Amino acid sequence: SYLGSFRNNMFYGYGLFTWNDGRSYEGLYKNNLKSGFGKMIFTNKIIYEGNWDCGRQNGEGKLIFPNNKIKNGIWKEGKCILLNDQYELSLEVKI
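A quick note: this is a predicted structure, and the numbers were derived from the prediction, not measured. Residue positions are counted from 1 within each chain, in the order its sequence is given. Local features in this predicted model are restricted to residues of pLDDT 70 or higher, and side-chain atom pairs are both shown and tallied only at a pLDDT of 80 or more, whereas totals for entire chains, interfaces and linings draw on every residue. Side-chain figures throughout are based on the complete set of non-hydrogen atoms in the structure, without hydrogens or water.

1. Overview of the overall build of the protein
Along the backbone of the protein there are zero helices and eight strands. In DSSP terms, a helix is any run of H or I states spanning at least four residues, a strand is any run of E spanning at least two, and both are numbered starting from the N terminus. From first element to last, N terminus to C terminus, the protein shows the α and β order β-β-β-β-β-β-β-β. The buried share among the 95 residues of the protein stands at 27%. Sequence-distant contacts in the protein: of pairs separated by 6 or more residues, those separated by 24 or more amount to 2%. Using the Shrake-Rupley algorithm and a 1.4 Å probe, accessible areas are obtained, with residue cover drawn only from the displayed protein chains. By element, 51% of the accessible surface of the protein is carried by carbon and sulfur atoms, the whole surface being about 6500 Å². Residue burial is assigned from relative accessible area. The probe radius is 1.4 Å, only protein chains are included, and a residue is buried under 20% of its type maximum, exposed over 50%, and partly exposed in between. Any two residues whose heavy atoms approach within 4.5 Å are treated as being in contact.

Written as structure tokens, this is what we have:
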């Protein structure tokens, strides 16, 4: 299901699309395709957050794993070409 903006009967601008299998994408669309910055949550709970072009990951982005590990990377036409900077998210807030 899709909740968001349309232009010429196509997804355009900001939107949220949720698939029946649990995947979701929240971010920018252009002509029905993911384009610009967005966040995709896959069925395995891995999150891709970063740039999209023509419906595919393209440019800088990061993978966030269920164990809170993060890998920054570079994508080209939907394929990861470089991953680095692995570290753990700290969920503890210190005052």
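2. A short note on a nonpolar patch on the surface
Two distance rules govern patches: like charges are joined within 9 Å, and nonpolar side chains (Val, Leu, Ile, Met, Phe, Trp, Tyr) within 5 Å, applied only to residues with over 30% relative accessible area and no salt bridge. By salt bridge we mean one thing: a side-chain nitrogen of Lys or Arg within 4 Å of a carboxyl oxygen of Asp or Glu. Residues Y14, L28 and F37 make up a contiguous nonpolar surface patch of about 300 Å² in total accessible area. Relative to the elements of secondary structure, F37 occurs in strand β4 (residues 33-41).

3. Overview of the confidence of the model for the protein
A residue's pLDDT is the confidence the predictor assigns to it, expressed on a 0 to 100 scale. In this model, the protein carries an average pLDDT of 89, and 88% of its residues clear a pLDDT of 70 or more. Every residue in residues 88-95 scores below 50 in pLDDT, and together they form seven contacts with partners more than four places removed in sequence or on other chains.

4. Details of the packing of aromatic side chains
In this description, a pair of aromatic rings is defined by centroid distance and the angle of the planes. Planes of paired rings set the category: under 30 degrees apart is stacked, over 60 is edge-to-face and the rest tilted, where pairs are Phe, Tyr or Trp rings (Trp by its six-membered ring) whose centres lie within 6.5 Å. One pass over the structure, following the stated rule, counts 11 aromatic pairs. Aromatic pair F11 and Y29: ring centres 5.3 Å apart, planes at 75°, arrangement edge-to-face. With a gap of 18 residues between them, F11 in strand β2 (residues 10-18) and Y29 in strand β3 (residues 24-30) connect regions that are remote in the sequence. Assigned by exposure class, F11 and Y29 land together as buried. Relative to W52, the ring of Y25 lies with its centre 5.3 Å away and its plane at 80°, an arrangement referred to as edge-to-face. Here the residue Y25 occupies a position in strand β3, and W52 occupies one in strand β5 (residues 47-53), the gap between them amounting to 27 residues. Per residue, the accessibility class of Y25 equals that of W52, and both read buried.

5. Quick look at the environment of N8
Secondary-structure assignment places N8 in the loop between β1 (2-7) and β2. Taking the C-alpha atoms as reference, N8 lies 8.4 Å from N31; in sequence the two are 23 residues apart.

6. Details of the nonpolar core
Throughout, nonpolar core names a set of buried Ala, Val, Leu, Ile, Met, Phe, Trp, Tyr and Cys residues whose side chains join them through atoms within 4.5 Å. Membership of the largest hydrophobic core is limited to 11 residues, which are Y2, F11, F17, Y25, Y29, M40, I46, Y48, W52, L63 and W75. Excluding residues that lie within four positions of it along the chain, M40 makes contacts with W19, R23, S24, Y25, K34, I46, I47, Y48 and W52.

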